[in-house]
Amino acid sequence: MIVVTDSAILRRVMYTHLQLRDAERQPVNVATLRQMKARGEKIASLTCYDASFAVLLDEGGVDVALVGDSLGMVIQGHDTTVPVTMEDIVYHSRLVSRGLYRPFLIADMPFMSYASKEQALANAVRLMQEGGARMVKLEGGAGQVEIVEFLAGHDIAVCAHLGLKPQSVHKIGGFKVQGRDEKAARQMIADARALQDAGADVVLLECIPAELGAEITAALEVPVIGIGAGPGVDGQILVVYDILDITTGRKPRFTRNFMEGSSGPLEGIKRYVTAVKDRSYPAPEHCF
Ligand code: KIV
C-alpha cells in the first residue's frame with residue numbers, strides 16, 4: 001500500500017490521483033464537499049494569503065482555503081476590496097497553492113474581473129493555471145447567472161457569493177447585513193437557486209440573518225458556506241487574521257478569537273476547525 005502524505009513526494013510521482021487512492025489524507029474536491037453536506041459534516045474554511053499560513057491551515061485540518069480579495073484590506077491596508085487586481089490574486093494564490101496539500105483551494109475573482117463572459121473565462125483560467133486554484137469565486141445574484149453558466153459550461157468549478165457583497169460596498173452604502181426584509185430574503189433564495197441551476201458548485205453567504213442562511217441551505221443541493229450567516233449552513237469561513245487575533249481594533253460581530261487559550265497559531269486553527277465541526281461555533285452572539 002502506498003501511503004503518501006507529503007506534497008513534496010507527490011510532485012515527483014506520476015498519476016498523482018492514482019497514488020492517492022490509498023492515501024490516509026485525501027485532498028478535498030467538489031465531490032468531497034457534496035459528500036460532507038450529505039452526511040452533515042460541517043466544512044471548516046479559512047481565508048489564506050501565503051504559503052506559511054497554507055501549511056498551518058493544512059496541518060490544522062481546514063477543508064477549504066480561500067484566497068479572498070479581503071487581502072486588499074488585511075494585507076494591503078485598503079479600506080475596501082475594490083482596489084484588488086487580478087495580479088494580486090494570482091500572486092497570492094500561487095503562494096498559497098505551494099503550501100497546501102489536502103485543503104481545497106478557491107480563489108476570488110476581483111472587482112470587475114468578470115464584467116463579461118469572455119473576460120470572466122480568461123481570468124478564471126489564469127487563477128487556475130497560474131494560481132493553482134481549483135475553484136473560482138465571484139460575487140453576484142441574478143445578474144451573474146449567465147457568467148456562471150458560461151464558466152460551468154467550460155468545466156470551471158464556481159462558488160457564487162451572495163448576501164453582503166463587499167465589491168458593491170460603494171453601491172449599497174456600507175458593509176451592512178443583507179436580506180433582512182421579506183422581499184430581499186425571497187430574492188436571495190431565488191438568486192441562490194438560479195446560480196445553482198446555472199452550474200455553481202458552492203454558494204457562499206455573507207452577513208445575513210441566521211434563519212435565511214438555514215433556509216437557503218435547505219433549498220440547495222450544493223454545499224453552502226457562510227460567514228455571519230448563522231449555524232444552519234453547511235460550513236463556515238472566517239478571515240484567518242481575525243481568528244488568530246492578528247487584526248487590531250474592532251472586528252466583525254460574527255468572528256471569534258481562537259487564540260484565547262491557544263499556545264500558538266496552529267492550535268488556534270485546530271480549535272477553530274473543532275468548533276466548526278462540533279457546531280460550538282457560531283454561537284448566538286455571532287449571528288444576525
Ligand atoms: O474575500 C474574502 O475573504 C471573502 C470571505 C470574507 C468569504 O470573500
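Our structure's up above, just so we're on the same page.
This section reports on the structure supplied with the text. Note that the structure is a prediction, hence the values are computed from the model and not measured.

Calculation criteria
- Position labels on residues start from 1 in each chain and follow its written sequence.
- The predicted origin of the model limits local features to residues at a pLDDT of at least 70 and limits the giving and counting of side-chain atom pairs to 80 or more, whereas totals for whole chains, interfaces and linings rest on all residues.
- Each side-chain value is derived from all of the structure's non-hydrogen atoms; neither hydrogens nor water enter the calculation.
- Residues enter a patch when their relative accessible area is above 30% and they make no salt bridge; the linking distance is 9 Å between like charges and 5 Å between nonpolar side chains (Val, Leu, Ile, Met, Phe, Trp, Tyr).
- In these tables, accessible area is a Shrake-Rupley quantity obtained with a 1.4 Å probe, and a residue counts as shielded only by the protein chains included in the view.
- By definition, a salt bridge exists where a carboxyl oxygen of Asp or Glu is found within 4 Å of a side-chain nitrogen of Lys or Arg.
- Counting from the N terminus, the helices are the DSSP runs of H or I reaching at least four residues and the strands are the DSSP runs of E reaching at least two.
- Each axis is a line fitted through C-alpha atoms, taken for helices only over the stretch in contact, and angles between the N-to-C directions span 0 to 180 degrees.
- The scheme is simple: roughly parallel for angles under 35 degrees, roughly antiparallel for over 145, roughly perpendicular for 65 to 115, oblique for anything else.
- Helix crossings fall into two classes, left-handed where the near helix is turned counterclockwise from the far one by less than a right angle and right-handed where it is turned clockwise.
- Residues are treated as being in contact if the distance between any of their heavy atoms lies within 4.5 Å.
- Residue polarity follows a fixed list, in which Ala, Val, Leu, Ile, Met, Phe, Trp, Tyr, Cys and Pro are nonpolar, Asp, Glu, Lys and Arg are charged, and the others, Gly among them, are polar.
- The buried label goes to any residue with under 20% of its type's maximum accessible area, the exposed label to any with over 50%, and the partly exposed label to all in between, with areas taken from a 1.4 Å probe on protein chains only.
- Summary of the distance rule: residues count as near a molecule or strand when at least one heavy atom falls within 4 Å of that molecule or strand.
- We define a polar contact as two N or O atoms separated by no more than 3.5 Å, with the added condition that, inside protein, one atom must be a possible hydrogen donor and the other a possible acceptor, whereas residues neighbouring each other in sequence contribute only through side-chain atom pairs.
- Residues grouped as a nonpolar core are buried Ala, Val, Leu, Ile, Met, Phe, Trp, Tyr and Cys residues, joined through side-chain atoms within 4.5 Å.
- Pairing between two strands requires that DSSP report at least two bridges joining them.
- Positive residues here are Lys and Arg, negative ones are Asp and Glu, while His and the chain termini are left out of the count.

Moving on, we come to a nonpolar patch on the surface. There is a patch of nonpolar side chains on the surface, built from Met 14, Tyr 15 and Leu 18 and spanning about 370 Å² of accessible area. Mapping Tyr 15 onto the fold places it in the loop between α1 (7–10) and α2 (16–19).

The next thing to look at is the packing of helix α4 (residues 51–60) against helix α6 (residues 86–99). One way to put it is that α4 packs onto α6 with a least axis distance of 7 Å and a crossing angle of 40 degrees. In terms of their interaxial angle, α4 and α6 are classed as oblique. Two packed elements cross with a definite hand, and for α4 against α6 that hand is right-handed. Between α4 and α6, the contacting residues are Ala 51, Ala 54, Val 55 and Asp 58 on the first element and Leu 95, Val 96 and Gly 99 on the second. Considering only residue class, the contact of α4 with α6 consists of five nonpolar, one polar and one charged.

Let us look at unusual backbone geometry. Looking along the chain, the bond that leaves Tyr 281 and enters Pro 282 is cis, with omega of 0 degrees. Here Pro 282 shows up in the segment after α13 (265–277). Here Cys 207, not a glycine, exhibits a phi torsion of approximately 50 degrees, which is positive. Owing to a relative accessible area of 6%, Cys 207 belongs among the buried residues under this scheme. A positive phi angle, near 60 degrees, is found at Asp 245, a position not held by glycine. Tracing the sequence through the fold places Asp 245 in the loop between α12 (240–243) and α13.

It is worth spelling out the site of the ligand at this point. Every residue close to the ligand is listed here: Thr 47, Leu 66, Gly 68, Asp 69, Ser 70, Asp 108, Lys 137, His 161, Leu 204, Ile 227 and Ile 237. Interatomic distance of 3.0 Å between a side-chain N/O atom of Asp 69 and an oxygen atom of the ligand. In this structure, Lys 137 approaches the ligand through a side-chain N or O atom, which is 2.8 Å from an oxygen atom. Protein burial of the ligand: of its 260 Å² of free accessible surface, 95% is covered by the chains.

Let's shift gears to the nonpolar core. By size, the foremost hydrophobic cluster in this structure holds 84 residues, and its most contacted members are Leu 46, Leu 127, Leu 151, Leu 205, Ile 216 and Tyr 272. Among the elements that line this core, the one with the most residues is helix α10 (residues 182–198), at six residues. With residues near it in sequence (within four places) discarded, Leu 46 still touches Leu 57, Val 62, Val 64, Ala 65, Leu 66, Ile 237, Leu 238, Val 240, Ile 243, Ile 269 and Tyr 272.

A few words on the sheet that holds strand β6 (residues 202–206). With parallel pairing, the eight strands of this closed barrel are ordered in space as β1-β2-β3-β4-β5-β6-β7-β8. Strand-to-strand twist of the sheet, defined as the mean angle between neighbouring strand axes without regard to direction, takes the value 25 degrees. One ladder, built from two bridges, connects strand β7 (residues 224–227) with strand β8 (residues 235–238); its direction is parallel. Within the sheet, the bridge partner assigned to Gly 226 lies in β8 and is Gln 236.

To continue, consider the side chain of Asp 242. If you trace the backbone, Asp 242 turns up in helix α12. Although buried, Asp 242 forms no salt bridge, and the nearest oppositely charged side chain, Lys 251, lies 6.4 Å from it. Polar side-chain contacts of Asp 242 include one of 2.6 Å to the side chain of Thr 247. Beyond its immediate sequence surroundings of up to four residues, Asp 242 is in contact with Thr 247, Lys 251, Pro 252, Thr 255, Arg 256 and Asn 257.

This next bit is on the pairing of strand β3 (residues 104–108). On a regular strand, one side chain projects to one face of the sheet and the next to the other, so that they alternate. Extensive coverage of β3 is indicated by the burial of five of its five residues. Alternating positions in β3 separate into two faces, Phe 104, Ile 106 and Asp 108 on one and Leu 105 and Ala 107 on the other, with burial throughout. Bridge analysis of strand β2 (residues 64–67) against β3 gives four bridges, and the strand direction is parallel. Its bridge partner being in β3, Val 64 is matched across the sheet by Phe 104. The sheet contact formed by β3 and strand β4 (residues 135–139) spans three bridges and is parallel. Residue pairing for β4: Ala 107 is matched across the bridge by Val 136.

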